[in-house]
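Descriptive structure summary
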Amino acid sequence: MAFDYTYIEDGYLFKNITDTTVATALVKTGAGLLRAIVVNSTAAGAMPVYNGLTGTTGTPTIATLKASIVEGTYVYNTAFTTGLYVRPAGAGNYTIIYR
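Throughout what follows, the structure given in this document is the object of discussion.

Here is what the cut-offs are and how they apply
Residues numbered from 1 in each chain as written. Predicted model: local features only at pLDDT ≥ 70, side-chain atom pairs only at ≥ 80, totals over all residues. Heavy atoms only, no water. Helix = DSSP H or I, 4+ residues; strand = E, 2+ residues; numbered from the N terminus. Buried < 20%, exposed > 50% of the residue type's maximum accessible area, 1.4 Å probe, protein only. Polar contact = N/O pair within 3.5 Å; in protein donor to acceptor, adjacent residues only side chain to side chain. Contact = heavy atoms within 4.5 Å. Phe/Tyr/Trp six-rings, centres within 6.5 Å; stacked < 30°, edge-to-face > 60°. Pairing = 2+ DSSP bridges. Axes fitted to C-alpha atoms, helices over the stretch in contact; angles between N-to-C directions.

1. Quick notes on the side chain of Thr59
- Relative to the assigned elements, Thr59 resides in the loop between strand E4 (47–51) and strand E5 (61–65).
- On the accessibility criterion, Thr59 (15% relative accessible area) is buried.
- For Thr59, the side chain forms a polar contact with the main-chain oxygen of Thr56, separated by 2.9 Å.
- Beyond its immediate chain neighbours, meaning those up to four positions away, Thr59 contacts Tyr50, Asn51, Gly52 and Thr54.

2. Quick notes on the packing of aromatic side chains
- Evaluation of the coordinates by the stated rule reveals one aromatic pair.
- Pairing Tyr50 with Tyr85 gives two aromatic rings, centres 6.1 Å apart and planes at 50°, and the pair type is tilted. Remark: Tyr85 occurs in strand E7 (residues 83–86) and Tyr50 occurs in strand E4; sequence separation between them is 35 residues. Both residues of the pair, Tyr50 and Tyr85, count as buried.

3. Topic: unusual backbone geometry
- In this model, Ser68 sits at a positive phi of 55°, which is unusual for a non-glycine residue.
- Positive phi values are uncommon outside glycine, yet Asn77 reaches one of about 45°.
- Mapping Asn77 onto the fold places it in strand E6 (residues 72–80).
- Among the residues examined, Asn77 registers a relative accessible area of 43% and is labelled partly exposed.

4. Focus: the sheet that holds strand E3 (residues 32–41)
- With antiparallel pairing, four strands are arranged side by side in an open sheet as E1-E8-E3-E6. Among the strands making up the open sheet, the edge pair consists of strand E1 (13–17) and E6. The mean angle between the axes of side-by-side strands here comes to 20°, regardless of whether they run parallel or antiparallel.
- As paired elements, E3 and E6 share seven bridges and run antiparallel to each other. Bridge pairing links Val39 to Gly72 in E6.

Below is the structure:
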């Protein structure tokens, strides 16, 4: 899969998530923009994306990628206010593009 370097030119950052641990789930604190999620390899579990610093009950959900979703780029262009927290239920390979 080719990486689209325009994200970097436009000031976007990225974080690659390959496991399900709490330590890797917090992508960004504070306000920002979720540009896209690239599913490099899928997993058997769903992947919720939260507008918050944790994934606890009551935290607003931006999106949930279903279990075994097809590999590809999913564009959101969605603002978040508190933070960006992404914690897959199964070990896949995901790249979160944000600023």
